[in-house]
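# Working through the structure, step by step
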Amino acid sequence: MLYKDYCEIIEKIEKTTKRLEKTDYFVELIKKLDEEKEKSRLSNSPSNSAEILAILCKLSIGRVFAEYENKELGIGYNLLVEAFKSVGISEKDMYAKIKETGDLGHSVELLKSEIKQVTLFQTKLTVEEVYNSLKKLSAIEGASSQKKKIRTISNLLISANALETRYLARLILEDMRIGMNISTILSAFSIYFEIPKPDLEKTYAVTNDIGKIGERLLSYDGNYYENFKKDKELHLNLFRPIKPMLAQLTPSINDAIIEMGVPQFETKYDGARVQIHKDGEDVKIYSRRLEDITNSIPEIVDEVKKIDCNQLIVEGECVAIDENGKPRPFQDILRRFRRKYDIEKMTSEIKLRVFLFDVIYMNGESISDSLHLRREKLEKILNKKNNFDIDENGQVIVPQTDDVINLSTKLVTDDAKKAQKFFDWCLSIGHEGVMIKNQDALYTAGSRVKTMYKFKPTLDNLDVVVTRAIFGRGKRKDWYGSYEIAVRGNGVNEINEIGGIRGIEEIGELGESSSSLSSFAASDLENSNLYVIGHVGSGLTEENLEELTRKVNEIKEADLDGEVIVEPKIVFEVSYEEIQASEKYEIGYALRFPRVINIRYDKGIDDINTVEDVKRIYAIQKNRKNK
Ligand code: AMP
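Given the structure is predicted, the values throughout are model-derived calculations rather than measurements. (Residues numbered from 1 in each chain as written. Predicted model: local features only at pLDDT ≥ 70, side-chain atom pairs only at ≥ 80, totals over all residues. Heavy atoms only, no water.)

### Description of the sheet that holds strand β9 (residues 405–407)
Pairing in this open sheet of five strands is mixed, and the strands run β4-β3-β5-β6-β9 from one edge to the other. This sheet does not close on itself; its edge strands, each paired only once, are β4 (282–287) and β9. When strand polarity is set aside, the average angle formed by the axes of neighbouring strands in this sheet is 35 degrees. Here helix α16 (residues 298–305) sits on the sheet in contact with β3 (272–279), β4, β6 (351–362) and β9, set at roughly 130 degrees to β4. (Pairing = 2+ DSSP bridges. Helix = DSSP H or I, 4+ residues; strand = E, 2+ residues; numbered from the N terminus. Axes fitted to C-alpha atoms, helices over the stretch in contact; angles between N-to-C directions. Contact = heavy atoms within 4.5 Å.)

This is how it looks when you write it as structure tokens:
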């Protein structure tokens, strides 16, 4: 397929803010590929339509690699600017156009059509060529790699027309800004292949690979639903990490009991989530963001190998502990997870323990089992129960173990007083609070569900994403000293209600108003419109600022006076004195005295708090004030 044909369709997708129209255009794309497939069939020649659909699904959400691979192209804004310079576009003109349009893609598109000598070299680009070049880019390493990368990019640029240049620039930065997301692509699949969307969503959560789903669907000879249901390649696979099930906040233990009947309470450990895959002696461990962290935690790998079960996927919380078995600060776990060298030294310095709380696969899929059954399975393979109880004298009974691989402590009850005691006990031993789970619930991968709640004593810290960085002054003059932070919108329709993806007009105004709404092209299953909720600078050490400044320069999308817009990739956990109702930001709330507690390298945009969470915390806070 010609890259030009693809760009023409995605331009239409970019132009409309209506979700249904975006879906229809994607259906048009699938239809085009299916027709090409049919033509090949009639002429008895092989068809690569299915592979092309896989590529186009990924490109449309601004990715080169499958989502589960957790790999990025990693080409920064500065390198791209260098590549444009190498094909004759001056840096000065580029910056002037970016100021005018607010978007790198549009800027280079406009400039491209002005440079006549470049267009002379044009040959027609195909989708495969573009994709293969991007893959090649990611593999370039070693001496003079910058030069080689610039050459690879400029080879593409000299063959591209103006529209193609717009999308090449954005693709290379892996930020398409056309408002496509996984959910819209799944809707398009649902329409074209006549498969119920919930079925596709479930498959997506376990495969974490939108391209693969598209490829498989287009490879069937009709009978799509039947073929889809029995397609083994779209089932849960060992060593292909799945999106975790996420919890919601509950206002109180009582509310959760009323809603769930007899819930399972568990200690909410203050650590980092891990997903462990085991096939015989082969073990891989993934972080919450599905990064492979196996090599950084060898002592856990050794213990997992000893578990008496051949094929297994389990989830748990990894906690760093001190010599008394008490939890150490969260940052210590990240120091372990991010470690690439001196791992042995680190292993003896910071001791880890894993508390398993779920099983996804045990010699076969477990995601359709109830939590009750899943817990039973987990207890069986670990040969322990870890039940919390209280004897007749009011003494707490909990089994103590020093095992590296442990089981979360649980209490199944509808007695709010007993649950409160459990909660108090969890806090007394240094943990965050409790998880409250519906025993009948299945494992719904990738969703924030109402069948699993978290309850903590304090107002929850918020996980927010950085949308802009502002140059510091005085002591902070060498760094970005303050950061605009945002939470996520709630639902897919919001994009339409609010008026589309982050676009030219909006960014054009940002110089004057840094409090204006930023809404971004969604790139995950749930929608990810972003709502600014404050600015934060406190809580960051010089070391943090140094590191953040480096990171910001890698992911900046546009330079404005005194501040930069960044891709929404850096997650802060912030505390605050309270959430105030405020007109300052579009969301209607602002954080009072926010402070960075942690830079959450283990979290991404899918994991941050939502507008709904902010509203809920605001209501809880009001309730507490009135008491
Ligand atoms: P939060 O990160 O605040 O959304 O809280 C949910 C997270 O708590 C999960 O993603 C887990 O990483 C963590 N967690 C700690 N203990 C448990 C537990 N017993 N069950 C489930 N999740 C837990």
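So much for the structure itself; the text now carries on.
### So, the UniProt feature "binding site: ATP" (unreviewed entry) in the chain
Per the UniProt record, "binding site: ATP" (unreviewed entry) is annotated on Glu-266, Arg-273, Arg-288, Glu-317, Phe-357, Arg-448 and Lys-454. The residue Arg-273 is located in strand β3 in this model. Residues contacting Arg-273, with those up to four places away along its chain left out, are Pro-244, Met-245, Leu-246, Tyr-286, Ser-287, Arg-288, Glu-315, Gly-316, Glu-317, Phe-337, Phe-357 and Tyr-443. With respect to the element layout, Glu-317 can be found in strand β5 (residues 311–321). For Glu-317, the residues in contact, after removing those within four places along its chain, are Tyr-269, Asp-270, Gly-271, Ala-272, Arg-273, Arg-353, Val-354, Phe-355 and Phe-357. Of the polar contacts made by the side chain of Glu-317, one reaches the backbone nitrogen of Ala-272; its length is 3.4 Å. (UniProt positions renumbered as here; feature names shortened; annotations may be inferred. Polar contact = N/O pair within 3.5 Å; in protein donor to acceptor, adjacent residues only side chain to side chain.)

### Digging into the site of the ligand
Looking at the ligand, there are 13 residues lining it, with Thr-267, Arg-273, Glu-317, Lys-437 and Lys-454 nearest. Contact between the ligand and Arg-288: an oxygen atom at 3.1 Å from a side-chain N or O atom of the residue. Glu-317 is positioned with one of its side-chain polar atoms (N or O) 2.5 Å from an oxygen atom of the ligand. Protein coverage of the free-state accessible area of the ligand, which is 490 Å², stands at 95%. Listed by contribution, the elements that provide at least two residues to the shell around the ligand are β2 (264–268) and β11 (433–437). At three residues, β2 tops the list of elements feeding residues into the shell around the ligand. (Near = heavy atom within 4 Å. Areas by Shrake-Rupley, 256 points an atom, 1.4 Å probe, with all protein chains shown as cover.)

### Topic: the environment of Asp-332
Along the polypeptide, Asp-332 turns up in helix α17 (residues 330–337). Residues Asp-332 and Ala-320 lie 12 residues apart in sequence; the distance between their C-alpha atoms is 6.5 Å. Once you skip the residues sitting within four places of it in the chain, Asp-332 turns out to touch Ala-320 and Ile-350.

### What about the domain arrangement of the chain?
The assigned domain composition of the chain is domain 1 (3–172), domain 2 (246–455) and domain 3 (462–626). In this assembly, 17 residues from domain 2 lie in contact with 19 residues from domain 3. Counting every contact that joins domain 2 to domain 3 gives two salt bridges. Linking Arg-338 and Glu-547 is a salt bridge whose minimum nitrogen-to-oxygen distance equals 3.3 Å. Applying the counting rule to domain 2 against domain 3 returns six residue pairs in polar contact (both at pLDDT 80 or more). Elements supplying a minimum of two residues to the side of domain 2 that touches domain 3: β1 (246–249), α17 and β12 (448–455). Class assignment for the residues of the side of domain 2 that touches domain 3 results in six nonpolar, six polar and five charged. (Domains from an automatic or database assignment. Salt bridge = Lys/Arg side-chain N within 4 Å of Asp/Glu carboxyl O. Nonpolar A, V, L, I, M, F, W, Y, C, P; charged D, E, K, R; others polar.)

### Here we look at the pairing of strand β17 (residues 563–566)
Covered by surrounding structure in β17 are Glu-563 and Ile-565 together with Val-564 and Val-566, the residues of both alternating faces. Of the pairings in the sheet, the one linking strand β13 (residues 462–471) to β17 comprises three bridges and is antiparallel in character. Bridge pairing in β17 places Arg-468 opposite Ile-565. In textbook terms, the turn of a hairpin is the stretch between consecutive antiparallel strands, and for strand β16 (residues 556–560) and β17 this stretch comprises two residues, one of which, Gly-562, has a positive phi near 80 degrees. (Buried < 20%, exposed > 50% of the residue type's maximum accessible area, 1.4 Å probe, protein only.)

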